[in-house]
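Results of the structural survey
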Amino acid sequence: MLSSALLHHYFRDSNAIKCYQCKSLTDPNCGKNVIDVNSNIRQVDCDYAAKPNSMEQFMPVTKCNKVVTSDKAGIIISRDCHFQIVGQRDDICSVSHSRDVQSCYTCTGDLCNASSAGRLMAYGILAIFSLVAINIAF
């Protein structure tokens, strides 16, 4: 029979993902469109990253995110492990503060939250086509 430490090691390695972790409030490089190796942004192993302070139950982390929020201070960009609440849709980004979520990008793969251009561009194109279709219909 496998020991619990060996089981933890086996399952941790099978789900482990590394993500960039930063906030544009404290690190201007976090607000760049694309993070490169010279940006010196912190990389974290999501199995060991601190979970948000909440009574919610979180699923194992298998994704990273880039979240754009706004409040009185302006636009804030953050990148982190994607903590998904059990039962929540996997494309929803929750924030533990009073900021409004402007956009949320989730991705799978180590350090995939270096950029969100592809998915955000896809959403932008989809929005444009939707507006055109609505205008044509009227």
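Small disclaimer: the values here were computed from a predicted structure and weren't measured.

Here the focus is the overall build of the protein chain. Of the regular secondary structure elements, the protein chain holds 2 helices and 6 strands. Here the protein chain holds 138 residues, and 32% of them are scored as buried. Partitioning the contacts of the protein chain with sequence separation of at least 6, the portion at a separation of at least 24 is 66%. For the protein chain, the computed accessible surface area is about 9200 Å², with 58% contributed by carbon and sulfur atoms.

A word on unusual backbone geometry. The phi torsion of most residues other than glycine is negative, and most of the peptide bonds are trans. A positive phi angle, close to 60 degrees, is found at N40, a residue other than glycine. By the secondary structure assignment, N40 is in the loop between β2 (22-23) and β3 (43-45).

All chains considered together, the criterion is met by 4 disulfides. Each sulfur in the disulfide pair C19 and C64 lies 1.9 Å from the other. Residues C19 and C64 are joined by a disulfide whose S-S torsion is about -90 degrees; by sign, that bridge is left-handed. With C19 in strand β1 (residues 18-20) and C64 in strand β4 (residues 64-71), the pair connects residues that are 45 residues apart, well separated along the chain.

Turning our attention to the sheet that holds β2. Read from one edge to the other, the open sheet built from 4 strands follows the order β2-β5-β4-β6, with strand pairing classed as antiparallel. Because the sheet does not close on itself, it has two edges, and the strands there are β2 and β6 (100-107). Across 2 bridges, the pairing between β2 and strand β5 (residues 74-81) is antiparallel. Counterpart to C22 in the pairing with β5 is R79.

Within the secondary structure, G87 sits in the loop between β5 and β6. As for G87 and Q57, which are separated by 30 residues in sequence, their C-alpha atoms are 9.4 Å apart.

It is worth spelling out the side chain of R79 at this point. Checked against the element boundaries, R79 lands in strand β5. Buried charge R79 goes without a salt bridge, the closest partner of opposite sign being D27 at 8.8 Å. In terms of polar contacts, R79 uses its side chain to reach the backbone carbonyl oxygen of C30, at 3.1 Å. Within the structure, the side chain of R79 is placed 2.6 Å from the backbone oxygen of K32, a separation counted as a polar contact. Those residues in contact with R79 that sit more than four places away from it in its chain are Y20, Q21, C22, C30, K32, N33, I35, N65, K66, N113, A114 and S115.

In this structure, β4 lies alongside β5, joined through 8 bridges in antiparallel fashion. By the bridge assignment, V68 is partnered in β5 with I77. Hairpin connection from β4 to β5: 2 residues lie between these consecutive antiparallel strands.

Once that is clear, we can look at the confidence of the model for the protein chain. Here the protein chain shows a mean pLDDT of 77. Residues at 70 or above account for 71%. This stretch, residues 1-13, has a pLDDT under 50; its non-local contacts, to residues over four places away or in other chains, come to 4 contacts. Within the model, pLDDT remains below 50 along residues 118-135, and this stretch shows 4 contacts once partners closer than five positions in the same chain are excluded.

Reading guide: rules and limits
Residues numbered from 1 in each chain as written. Predicted model: local features only at pLDDT ≥ 70, side-chain atom pairs only at ≥ 80, totals over all residues. Heavy atoms only, no water. Helix = DSSP H or I, 4+ residues; strand = E, 2+ residues; numbered from the N terminus. Buried < 20%, exposed > 50% of the residue type's maximum accessible area, 1.4 Å probe, protein only. Contact = heavy atoms within 4.5 Å. Areas by Shrake-Rupley, 256 points an atom, 1.4 Å probe, with all protein chains shown as cover. Disulfide = S-S within 2.5 Å. Pairing = 2+ DSSP bridges. Lys, Arg positive; Asp, Glu negative; His and termini not counted. Salt bridge = Lys/Arg side-chain N within 4 Å of Asp/Glu carboxyl O. Polar contact = N/O pair within 3.5 Å; in protein donor to acceptor, adjacent residues only side chain to side chain. pLDDT = per-residue confidence, 0-100.

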